[in-house]
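Observations on chain architecture
The lines below spell out each chain.
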Amino acid sequence: MASSSDLPFLTLQELSALIKARDVSSRQVTLLQLVRIRSASNLNSYIKVLPELALDLADKADAELTAGIDKGILHGVPIALKDIFDLAGVPTTAGIPMRSNAIAKANAAITNRLKDAGAVILGKLATTEGVFAIHQAPYGSPVNPWNAEYYPGASSSGSGVTTASGLSYACLSSDTGGSIRLPSAANGVTGLKPTWSRVTRHGTFELGATLDHVGVIARRRSGRDCRTDPLDPTSSSEPVPDYCEIVDTAGKTIGYDPSWLEDGVHSAITASVRTVMAVFSSLGYRLVEVKLPSVDHVIWDWFEVCAVQTAIVHRDTYPGEGYSEALCDLIEQGRSLSGVQLQERLIRREEFAGDLQAVFSAVDLVIIQHCLVWCQSSTKLPISTVK
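One structure accompanies this document, and this report is about it.

Reading guide: rules and limits
Residues numbered from 1 in each chain as written. Predicted model: local features only at pLDDT ≥ 70, side-chain atom pairs only at ≥ 80, totals over all residues. Heavy atoms only, no water. Helix = DSSP H or I, 4+ residues; strand = E, 2+ residues; numbered from the N terminus. Expected span 1.5 Å × (residues − 1). Bend = angle between axes of the 7 residues up to and from the residue. Buried < 20%, exposed > 50% of the residue type's maximum accessible area, 1.4 Å probe, protein only. Contact = heavy atoms within 4.5 Å. Pairing = 2+ DSSP bridges. Axes fitted to C-alpha atoms, helices over the stretch in contact; angles between N-to-C directions. Polar contact = N/O pair within 3.5 Å; in protein donor to acceptor, adjacent residues only side chain to side chain.

1. Describing helix 10 (residues 296-313)
End to end, helix 10 covers 27 Å across 18 residues, agreeing with the expected 26 Å (1.5 Å per residue, within 8%). Roughly 25° is the biggest bend found in helix 10, and it falls at W302. Taken residue by residue, helix 10 has V298, D301, W302, E304, V305, C306, A307, V308, Q309, T310 and A311 as its buried positions. Residues of helix 10 that are buried in the fold lie against helix 11 (325-336) and helix 12 (339-360).

Here it is as structure tokens:
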């Protein structure tokens, strides 16, 4: 069995195997996590720690496993929720000061699925105001555990910091414009942003309805099945493919666009991606040069589409006290955009998606260096630290 110092940094799969073998109990691991969270409070990654709930769920998992009931890989494993997912009886703040007492009346659909799978919920994680740009008092910003001067990530920064610090084995997160990808890069962990509609958003605080993706941040991650949800009519009923087959089987084709890997990208990142490509090639993957569609318009269109959808989210509370200038500006931008202008942006988005789908008709995967614009615009994140 792993030592108590190594235990917090095992992968979710490794810990699950130990719990199933009864080499360690869910309660023991949960207690260790709660102690670590308390001792690492300076990282400010948790908005709310829930020790009583966590220990109750851990004891339930231990009793079920002792009785021979195995609910899968999450059974007895401590995880945490970004504070946009409803958990009955607990506030869903979404990082907004005026929502400090916004007690959820029911669980989000994804919260129920985690509990049904036997996961142990440790607490709610820090996020930016309204899941957008800045961290607001009294919650404050999480601290990058590698260097306090480094960028901790976007709205899922609490999730990235928590995972990297060994304060949870996985964190339920979301990505609207980079909020799984950026914290994963900044904190050296792995994020999965599933296809929009693959995971239900019912009971999840919105930033932009057609842009929000529910996903996960962990140390390592494999695909998981999230079924359609009748409470979320936008969730997909399509069967989930075997992602492991796509990623792990030699003989697949990987596309790459040299301009996306080299133009304006730090040489250290380009070298790192090239090394990854060489590894894929040695495993039997075939590398094919492709031409990806231009993102010149869709990057900036994102802000306007998100602005309109954010204005809808806040239509009952805005204008009002407590909003930051950044969120006010976004909402005002959304309120001022005309229907014709919005439709122009939506058409461009559909055209971009179609062009990208055409690329995937020729290859199985595409390797890119995605966070170029965002990372280079950050004054706190040395570009050479992004992996």
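2. Points about the sheet that holds strand 3 (residues 120-125)
On the basis of which strands lie adjacent, the open sheet formed by 6 strands has the order 1-3-2-4-6-5 and mixed pairing. Pairing within the sheet leaves two strands with one partner each, and these edge strands are strand 1 (46-49) and strand 5 (190-192). Pairs of neighbouring strands in the sheet enclose a mean axial angle of 30°, with direction left out of account. Here strand 2 (residues 78-82) runs beside strand 3; their pairing, made up of 4 bridges, is parallel. Opposite L81, over in strand 3, you have K124 as the bridge partner. Across the face of the sheet, helix 2 (residues 26-39) comes into contact with strand 1, strand 2 and strand 3 while running at roughly 20° to strand 3. Its contacts with the sheet put helix 4 (residues 109-116) on strand 2, strand 3 and strand 4 (170-175), and the angle it makes with strand 2 is roughly 180°.

3. A look at the side chain of D62
Among the structural elements, D62 can be located in helix 3 (residues 51-66). A distance of 3.1 Å separates a polar atom in the side chain of D62 from the backbone nitrogen of R27. Excluding its chain neighbours within four sequence positions, the residues that come into contact with D62 are R22, S25, S26 and R27.

4. As for the pairing of strand 4
With 6 of 6 residues buried, strand 4 lies mostly within the body of the structure. Residues A170, L172 and S174 point to one face of strand 4 and C171, S173 and D175 to the other, with burial holding for every one of them. The pairing of strand 2 with strand 4 spans 2 bridges and is classified as parallel. Note that in strand 4 the partner of L81 across the bridge is L172. Here 6 bridges tie strand 4 to strand 6 (residues 213-218), and the two strands are oriented antiparallel to one another. Within the sheet, the bridge partner assigned to D175 lies in strand 6 and is H213.

5. Description of the side chain of S179
Turning to its location among the elements, S179 is positioned in the loop between strand 4 and helix 6 (181-187). Polar contacts involving the side chain of S179 include one to the side chain of S155, which spans 2.8 Å. Dropping the residues within four chain positions of it, S179 is found in contact with K82, A154, S155, S156 and S174.

Worth remembering: the numbers are spatial, not functional.
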